[in-house]
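Next come the chains, spelled out residue by residue.
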Amino acid sequence: MSNWLIYSIGFFAQILFSGRLILQWILSEKSKKVLTPSIFWKLSLFASFLLFVYGYLRNDFAIMLGQALTYFIYIRNLQLQGEWQKAPKFLRIFLWIFPLLIVIYSFNNNTYDLVKLFKNKDIPFALLLWGSIAQVIFTLRFVYQWIYSEKNKESSLPFGFWLLSLIGSLMILVYAILRKDPVLFVGHIMGSIIYSRNIILSKRHS
């Protein structure tokens, strides 16, 4: 697959990720408190789907790891908001099994080389390790958010979510610069600004 098509998939995913943040930011500014509209989770799920594909096409384990860890949390938040059940059944089944389908397809076609994934000549191991740790920290925000939401029986974005978002985003930004990945760079520059603003809104509301 040509590089321009791969980058197009990645940029479209980041546009969706940024779009959900901007929409959430605008609604939160309007209400003077952090809100969590259902469209936030719908765009998150679709964008995660695309970014997982982008990471796969780029042989970038750090990107795939980050999306695989948050993918099902997006689904769970849609369930908590009662939106997941409204989607067509075939779409829900497909989204549930999509990551598994990628793995099965890759192994059956002998293209899924674990050595290649972890020893990509374009990504030094130290950089891959940094990127993976950054993605784990960035993902922990959703684990924290998931536990918080389950405890309160509603989908919400607490202060800790935005703090972990900012730390993880800044680390991924460093990874993007060293990896020379324009998709990650553009997405996390925008994200870092919005995460900082939501931290301020969360502190004011608490």
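Residues numbered from 1 in each chain as written. Predicted model: local features only at pLDDT ≥ 70, side-chain atom pairs only at ≥ 80, totals over all residues. Heavy atoms only, no water.

Engineer: Would you mind going over the packing of aromatic side chains with me for this structure?
Structural biologist: In this description, a pair of aromatic rings is defined by centroid distance and the angle of the planes. Under the criterion given, the structure shown has 19 aromatic pairs. Note on Y71 and F72: the rings are 5.1 Å apart at their centroids and 85° apart in plane angle, and the pair reads as edge-to-face. On the basis of relative accessible area, Y71 is assigned to the buried category, the value being 3%. Note on F72: relative accessible area 33%, which makes it partly exposed. A centroid spacing of 6.4 Å and a plane angle of 40° characterise the contact between Y71 and F98, whose relative ring orientation is tilted. Taken together, the residues span a long stretch of sequence, with Y71 in helix α3 (residues 61-80) and F98 in helix α4 (residues 89-108) at a distance of 27 residues. In this structure F98 comes out as buried when scored by relative accessible area, which is 7%. Among the aromatic residues, those joined into a ring-pair cluster are F40, W41, Y74, F138, F142, F161, W162 and Y195. Positioned above the aromatic ring of F138 is the side chain of R141, whose terminal nitrogen or guanidinium carbon lies 3.7 Å from the ring centre. (Phe/Tyr/Trp six-rings, centres within 6.5 Å; stacked < 30°, edge-to-face > 60°. Buried < 20%, exposed > 50% of the residue type's maximum accessible area, 1.4 Å probe, protein only. Helix = DSSP H or I, 4+ residues; strand = E, 2+ residues; numbered from the N terminus. Lys NZ or Arg CZ within 6 Å of the ring centre and 35° of its normal.)

That's the geometry; what it means functionally is another story.
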